[in-house]
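Summary of structural features
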Amino acid sequence: ENAVMIDEGILVPFIVDPNSQALDWLKQTNSSAEIVLQQDPKLVSQLELSVRFGKVLIIQEVDGIDNYLVPLLRRDMVRQGPRKAVQISDKMCDFDDNFKLFLCTRNSSAIEMLPPNTACLVTRVNFTVTRAGLEGQLLGVTLQYEKPELEHRKSELLQKEEALKVEVSNLEKRLLEQLADSSGNILENEPLIQSLEQTKAAATTINQSLDESSRLQMVLDEEREVYRPLATLGSRIFILVKELCAIDHMYRFSLEAFMTLFNKVLNLELGVDSTQEKLRQLGNQLKIMVLFYIARSLFKSDRLTFGIHMVRGIMPEKFEENEWELFQGAYIPPSQPSTPAPSWCPPDRATSLQLLRATFPRIDELWQLNKDSLWSSWVASDKCEESFDGSVYSRMSAFQRVLLIQAVRPDRLESALTQFACESLGVSSLSPPALSLNRLFKEETSNRLPTLFVTTPGADPSAELDDYAKTYAADHAPHMNFHQLAMGGGQNDDAIRLLHEAARTGDWICLKNLHLVISWVPLLEKELKNLQPHENFRCWLTTEAHAKFPTILLETSLKVTYEAPPGVKKNILRTLESWNQNWFGQGNDLRSRVIFLCAHFHAIMQERRTYIPQGWTKFYEFSQSDLQSACETVSLLVKAGESMKNPGSGIDWVTLIGVLEQAVYGSRVDNEFDSRLVREYLAMFFKSETLEGGRRKSGVDIPAFDLPASTNMADFRARVDQLPDLDNPASFGMAPNADRSLQRINSTKAIASLRQLATGGASEGSHSTAVEIKL
């Protein structure tokens, strides 16, 4: 449909082409077309030449329609004898009837921003992806991997069928021409009668061929349908991912990135013979790969929302009628239960339990809610999501257990939702593996794909990037330089110059704080797109979340959120990933163990921020630079201890604690209560007894395991892997119930975000009427 609108439309087409499919097709069908950017200073000259000599011109990155294009779009022709001329800018140009103009943009909102006086001058053609179009496209990709001969035969049949239909049309046209040109009595016109008989015979043969082609296509389609479930799953997941921008503008992802993930999944070697089993395993791998890829680009507070959103979208069978609506607070039962709430239910939760009972009257008998002996211990349990009685557990669906916890124990709802999402998706955590710049660089970055770090206040990846760039240059590219430039002080021209220079020489460049120059970022995106970079070139960008950040750059970049990981375990693993073995193993095992203590201490300092105001009285920007300073201090003190040639002296704990308290972590704290906390933790961590295994103090287990007497980082990582994914606040000195209010807040936020996704996704779906076709 879109192709017909472009080819046969009277007005100039304005093409919204987020994935560059239309542009590729235009290049194929107009091999001599000239392509120019709207921002190109030579655009007007190029347009004049194309109009004068009848060329095909494609203008890319069109953000709006400039005034000098209006006379051309309106076809305001001035006739000068046989010649036609049109006003372009300040010149009158001869107009050649062979001239064609195509306006293309990747910005999906550009078409809605056109003012009425110019919107009426173009044919709006939208190539934005839809579920049906994407499903067909993914089916084709799957078949190319699994059954390439099927896709080849299907393509050949379609081409043959189209050729036969064209031939039938030509026969009809020729017959009409002969009838129109005939004279006299038609019945006595022997040549005409013979021609009619030949046409009839040819038409019969063609129709028979078309029938045979249709039968063959039906057989092929039956074989193709076996692979459709994977394509259907892929299209559902991508639509769910596209809806995420309803909760945060920064959560935008391109079809190209999704197709890369889809192809990665198809390339997996699973060693399965059965087609059905292989498709099932590929589907599971696709869910996991997309979950972790997208979660890496989300702030940790939104990962639970995405997990539940994904389960709801691709596994609707896990939710019975009215369950989802009740969970979101959007369902009112027609009647109330006839009996009061059971006595084991806390009085302040009776209303919520009654609502659940009214919505699903059968649960009284099915779940035996009137048995106090069955439920009294459960409702008082610390981890009620794991304490269901076996006789009732099997009678409840996974989501029904979530609904009961929401009604009676909302302080454990976040844990219950996380458990439900993880079990449904087949993962142990909704958070992605710890970020490793080395793995990110080797597996995902490229010279044409900028990497965008979306940061939170106090988080800055530039120091870690600098360290990694130095390590990489020393090992692989001794002539490579790493350039950093902090934006916001009028350095826009310097940034463009530095960008072109780095792209030419194969250097790395990091442009920081793009949120301070938000109006300039679209220009940067266009410069990046038009670069012809050296194969070693890499572009790293950092920004805080901003509501006006350009959509195109968000979709075309490799996004990574850079913030403290959720939980002590993931925080320590993230730190270990950022270190390399050569640095960690320098010196003796005393240095390695104390440096590891610094990583554990740093993780707890950051993790307590989750529990404000119980953890800290305010948010403190404990950053990677603090940990780096602590590690450098340890290295210096260990060297000083060794230089004293007294093996028993070890490390000067007093000096270490003093530096960390007065100059590093303690210097960020401006509250006496918080300062006491820092001092207490420092005294708890940094002492000889901790290294020797005597780590308990007042029930606090820090660290949670004996430190290995080793300089091998893998030994420490193995111990960290044994820690639980979800923290118990008591394990690092907080009250056991400190997370109750936090879980209530987080689960309430997740439910509000899910409601926002439901309304936002529906709204987007109602406006998306485009049909995507594979050309």
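Residues numbered from 1 in each chain as written. Predicted model: local features only at pLDDT ≥ 70, side-chain atom pairs only at ≥ 80, totals over all residues. Heavy atoms only, no water.

Moving on: helix α14 (residues 350-359). Inspection of α14 places Leu353, Gln354, Leu356, Arg357, Ala358 and Thr359 among the buried residues, and these make up the whole buried set. Taken together, the buried residues of α14 touch α13 (323-327), α15 (363-366) and α18 (398-408). (Buried < 20%, exposed > 50% of the residue type's maximum accessible area, 1.4 Å probe, protein only. Helix = DSSP H or I, 4+ residues; strand = E, 2+ residues; numbered from the N terminus. Contact = heavy atoms within 4.5 Å.)

Our focus in this paragraph is the confidence of the model for the protein. Any region with low pLDDT has predicted coordinates that should not be read closely. Looking at the protein as a whole, the pLDDT averages 86, with 95% of positions reaching at least 70. Confidence drops under pLDDT 50 across residues 762-775; counting only partners more than four residues distant or on other chains, this segment forms 31 contacts. (pLDDT = per-residue confidence, 0-100.)

Of the strand pairs in this sheet, strand β4 (residues 77-80) and strand β5 (residues 83-88) are connected by four bridges, and their pairing is antiparallel. Residue pairing for β5: Met77 is matched across the bridge by Val86. Hairpin remark: β4 followed by β5, antiparallel, with two residues in the connecting loop; positive phi at Gly81, about 70°. Summarising the sheet, β5 and strand β6 (residues 91-94) pair through four bridges and their orientation is antiparallel. Bridge pairing in β6 links Val86 to Cys93. (Pairing = 2+ DSSP bridges.)

Strand order in the open sheet made by the three strands is β4-β5-β6, with antiparallel pairing throughout. At either margin of the open sheet sits one strand with a lone partner, and together these are β4 and β6. Along the sheet, successive strands turn relative to each other by an average axial angle of 35°, direction set aside. Sheet contacts for helix α3 (residues 43-53): β5 and β6; angle to β6, the most-contacted strand, approximately 35°. (Axes fitted to C-alpha atoms, helices over the stretch in contact; angles between N-to-C directions.)

Let's shift gears to the side chain of His602. If you trace the backbone, His602 turns up in helix α27 (residues 589-607). Of the polar contacts made by the side chain of His602, one reaches the side chain of Tyr665; its length is 2.8 Å. The residues touching His602, leaving out its near neighbours within four places in the chain, are Asn571, Phe622, Ser623, Gln624, Leu627 and Tyr665. (Polar contact = N/O pair within 3.5 Å; in protein donor to acceptor, adjacent residues only side chain to side chain.)

This paragraph deals with the sheet that holds strand β8 (residues 122-126). Taken in spatial order, the five strands of this open sheet run β2-β3-β7-β1-β8, and their pairing is parallel. Bordering the open sheet on either side are β2 (34-37) and β8, each of which pairs with just one other strand. Between one strand axis and the next, the sheet turns by 25° as a mean value, whatever way the strands run.

This brings us to the environment of Ala738. Along the polypeptide, Ala738 turns up in the loop between α32 (713-721) and α33 (739-767). What makes Ala738 buried here is its relative accessible area of 5%. Considered as a pair, Ala738 and Tyr611 are 127 residues apart in the sequence and their alpha carbons are 7.2 Å apart. Contact partners of Ala738, with chain neighbours within four places excluded, come to Tyr611, Gln614 and Pro729.

Attention now moves to unusual backbone geometry. Each neighbour pair has its own omega, and for Ile612 with Pro613 the value is 10°, a cis peptide bond. Within the secondary structure, Pro613 sits in the loop between α27 and α28 (624-643). A positive phi angle, close to 75°, is found at Asn322, a residue other than glycine. By secondary structure assignment, the location of Asn322 is in the loop between α12 (303-314) and α13. Given a relative accessible area of 22%, Asn322 falls into the partly exposed group. For Asn513, which is not a glycine, the phi torsion comes out positive at approximately 60°. Within the secondary structure layout, Asn513 lies in the loop between β11 (508-512) and α23 (521-530).

Inspection of every chain in the model, using the stated rule, returns 30 salt bridges. When the shortest N-O distance is used, the salt bridge between Asp63 and Lys526 registers 3.5 Å. Taken as a pair, Asp63 in the loop between β3 (56-60) and α4 (70-74) and Lys526 in helix α23 lie far apart in primary sequence, 463 residues in all. Since its relative accessible area comes to 37%, Asp63 is described here as partly exposed. As a salt-bridge pair, Glu464 and Arg574 come within 2.7 Å of each other at their nearest N and O atoms. On the criterion of sequence distance, the pair formed by Glu464 in helix α21 (residues 462-475) and Arg574 in helix α25 (residues 568-578) is long-range, its members being 110 residues apart. Looking at Glu464, the relative accessible area reads 9%, which means it is buried. (Salt bridge = Lys/Arg side-chain N within 4 Å of Asp/Glu carboxyl O.)

Moving on, we come to the pairing of strand β9 (residues 451-455). Two faces, one strand: in a regular strand the side chains alternate between the faces of the sheet. Within β9, five of the five residues are buried, leaving the element largely enclosed by the surrounding structure. Residues of β9 alternate between two faces, with Thr451, Phe453 and Thr455 on one and Leu452 and Val454 on the opposite face, all of them buried. By the bridge criterion, five bridges tie β9 to strand β12 (residues 538-544) in an arrangement that is parallel. Its bridge partner being in β12, Val454 is matched across the sheet by Thr543. For β9 and strand β13 (residues 558-562), the ladder comprises five bridges, and the chain directions are parallel. Note on β13: the bridge partner recorded for Val454 is Thr561.

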